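Summary of the model geometry
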Amino acid sequence: AAAGIPHVFVNRVFSDPRRSFVSVDLRRAAHDAVAHLLSLGYADIGTWGRPADYRIDREKLAGMRDAFEERGLPPPSKVFTYETDGDLEPAARRLLAEGRFPKAWFGLSDTHLMRLGVVFREAGLRVPEDVALVGMDDQEPSRFFSPPLTTVRIPFRQAGTSAVDVLLGMIEHPAQESIHMYL
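Residues numbered from 1 in each chain as written. Predicted model: local features only at pLDDT ≥ 70, side-chain atom pairs only at ≥ 80, totals over all residues. Heavy atoms only, no water.

The tally for this structure, following the rule as stated, stands at 5 aromatic pairs. Between Phe101 and Phe120, the ring centres sit 6.1 Å apart and the planes meet at 45°, which makes this aromatic pair tilted. With Phe101 in the loop between helix H4 (88-97) and strand E5 (104-106) and Phe120 in helix H5 (residues 110-122), the pair connects residues that are 19 residues apart, well separated along the chain. Judged by relative accessible area, Phe101 falls into the buried class, the value being 13%. (Phe/Tyr/Trp six-rings, centres within 6.5 Å; stacked < 30°, edge-to-face > 60°. Helix = DSSP H or I, 4+ residues; strand = E, 2+ residues; numbered from the N terminus. Buried < 20%, exposed > 50% of the residue type's maximum accessible area, 1.4 Å probe, protein only.)

Below you can see the structure in the form of structure tokens.
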């Protein structure tokens, strides 16, 4: 920026109005995933993440809370974190052993859900009959999970191509200071 070179950040959000970015609205995507579970009648929804370490986990958890608040429900009480509950598989096994695992899970990533799926299968639980799962990212391996995961597709490729379009626009119109684009 100091050298006057146009630039665009991809999937990084800044409050600085001078920085251009193209980012996926992860909060809205998480809201939509959790709203789907709530519309199916699940209010006992668990999730696991690393919000102390990752901004994207904080954004997704905020979207989860938004979905609950939109329906006038208390904030989700089954948010488990690496910082307080340990790694995902041991935490899930502990919840199962204690008989207090949520009947639905929102995966901050499809990888989290696939890891949970292994634990559930070990315990003899079936998806979706015994536990409902909804994830984020639409990672290719999630299609091969049995059964295939319900997941929110995050348009990362579109973010990249849009960032190139934004950058080209900034080069063509240098008076434009910045662009903030959410997908």
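Among the secondary structure elements, Asp57 is positioned in helix H2 (residues 55-70). In contact with Asp57, other than residues within four places in its own chain, are Gly49, Arg50, Pro51 and Leu108. (Contact = heavy atoms within 4.5 Å.)

Further remarks concern the environment of Arg115. By the element assignment, Arg115 lies in helix H5. Accessibility expressed as a relative area gives 23% for Arg115, which makes it partly exposed. When neighbours within four sequence positions are excluded, Arg115 is seen to be in contact with Trp48, Asp87, Leu88 and Glu89.

We now examine H5. Across its 13 residues, H5 extends 19 Å between first and last C-alpha, which sits within 8% of the 18 Å expected from 1.5 Å per residue. Taken residue by residue, H5 has Asp110, His112, Leu113, Met114, Leu116, Gly117, Val119 and Phe120 as its buried positions. Positive phi shows up at Gly124, right after H5, with a value of about 80°. (Expected span 1.5 Å × (residues − 1).)

Here the focus is a nonpolar patch on the surface. On the surface, a cluster of nonpolar side chains totalling about 270 Å² of accessible area is made up of Val164, Leu168 and Ile171. Looking at the element boundaries, Leu168 is found in helix H6 (residues 156-172). Among the residues examined, Leu168 registers a relative accessible area of 46% and is labelled partly exposed. (Patch = residues over 30% accessible without salt bridge, like charges linked within 9 Å, V, L, I, M, F, W, Y side chains within 5 Å. Areas by Shrake-Rupley, 256 points an atom, 1.4 Å probe, with all protein chains shown as cover. Salt bridge = Lys/Arg side-chain N within 4 Å of Asp/Glu carboxyl O.)

So, about the environment of Arg55. Structurally, the position occupied by Arg55 is in helix H2. Taking the C-alpha atoms as reference points, Arg55 and Arg12, separated by 43 residues in sequence, lie 9.6 Å from one another. Beyond its immediate sequence surroundings of up to four residues, Arg55 is in contact with Asn11, Arg12 and Val13.

Another aspect to go through is the sheet that holds strand E3 (residues 45-49). Strand order in the open sheet made by the 5 strands is E4-E3-E5-E6-E7, with parallel pairing throughout. Since the sheet does not close on itself, it has two edges, and those belong to strand E4 (78-81) and strand E7 (150-153), each with one partner. Averaged over all adjacent pairs, the angle separating strand axes in this sheet is 20°, with direction ignored. Across 4 bridges, the pairing between E3 and E4 is parallel. Within the sheet, the bridge partner assigned to Trp48 lies in E4 and is Phe80. Each of E3, E5, strand E6 (132-137) and E7 is contacted by helix H1 (residues 26-39), which is oriented at about 165° to E6, the strand it contacts most. (Pairing = 2+ DSSP bridges. Axes fitted to C-alpha atoms, helices over the stretch in contact; angles between N-to-C directions.)

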